[in-house]
Amino acid sequence: MTKEVYSLFDKFEKKTGVKMDEVFKLARSLQGANFKDEKTVRNVVNKVSALANRRVSKQKEDMIVKAILDGKVPKDLSSIEKMMKKKK
């Protein structure tokens, strides 16, 4: 990896308190996950909230799960980037 990538990872870790190793571990565990299965989606939401050390209320969990199951969440990086630019 390049020096710039390490710098980005370092900034991410300092800002979020989440180690990049944990992010990569989570990403590997999600490869091939069935995001049409409610139980799988709820498990992912819980893993992410635990990783981020953030509590997600049952109501918010239900909203996130419904959005994912209904396909209302971007599925690729370019869609996420477009969404983020709109919010600025």
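Refer to the structure printed above.
As the structure is a prediction and not an experimental result, all values here were calculated from the model.

Enquirer: Go over the side chain of Ser 49, please, and point to the residues and values.
Expert: Structurally, the position occupied by Ser 49 is in helix 3 (residues 38–51). Classification of Ser 49 as buried rests on a relative accessible area of 12%. Contacts of Ser 49, omitting those with residues within four sequence positions, involve Arg 54 and Val 56.

Enquirer: Give a description of the packing of helix 1 (residues 3–16) against helix 2 (residues 20–30) that names residues and reports values.
Expert: Packing of helix 1 against helix 2 brings their axes to within 9 Å, and their N-to-C directions diverge by 95°. Overall, the two elements helix 1 and helix 2 adopt an arrangement that is roughly perpendicular. Here helix 1 contributes Phe 9, Phe 12 and Glu 13 to the contact with helix 2, which in turn contributes Met 20, Val 23 and Phe 24. Taken together, the residues of the contact of helix 1 with helix 2 break down into five nonpolar, no polar and one charged.

Thresholds, definitions, all that
Residues numbered from 1 in each chain as written. Predicted model: local features only at pLDDT ≥ 70, side-chain atom pairs only at ≥ 80, totals over all residues. Heavy atoms only, no water. Helix = DSSP H or I, 4+ residues; strand = E, 2+ residues; numbered from the N terminus. Buried < 20%, exposed > 50% of the residue type's maximum accessible area, 1.4 Å probe, protein only. Contact = heavy atoms within 4.5 Å. Axes fitted to C-alpha atoms, helices over the stretch in contact; angles between N-to-C directions. Parallel < 35°, antiparallel > 145°, perpendicular 65-115°, else oblique. Nonpolar A, V, L, I, M, F, W, Y, C, P; charged D, E, K, R; others polar.

Any functional reading would require information that these geometric values do not contain.
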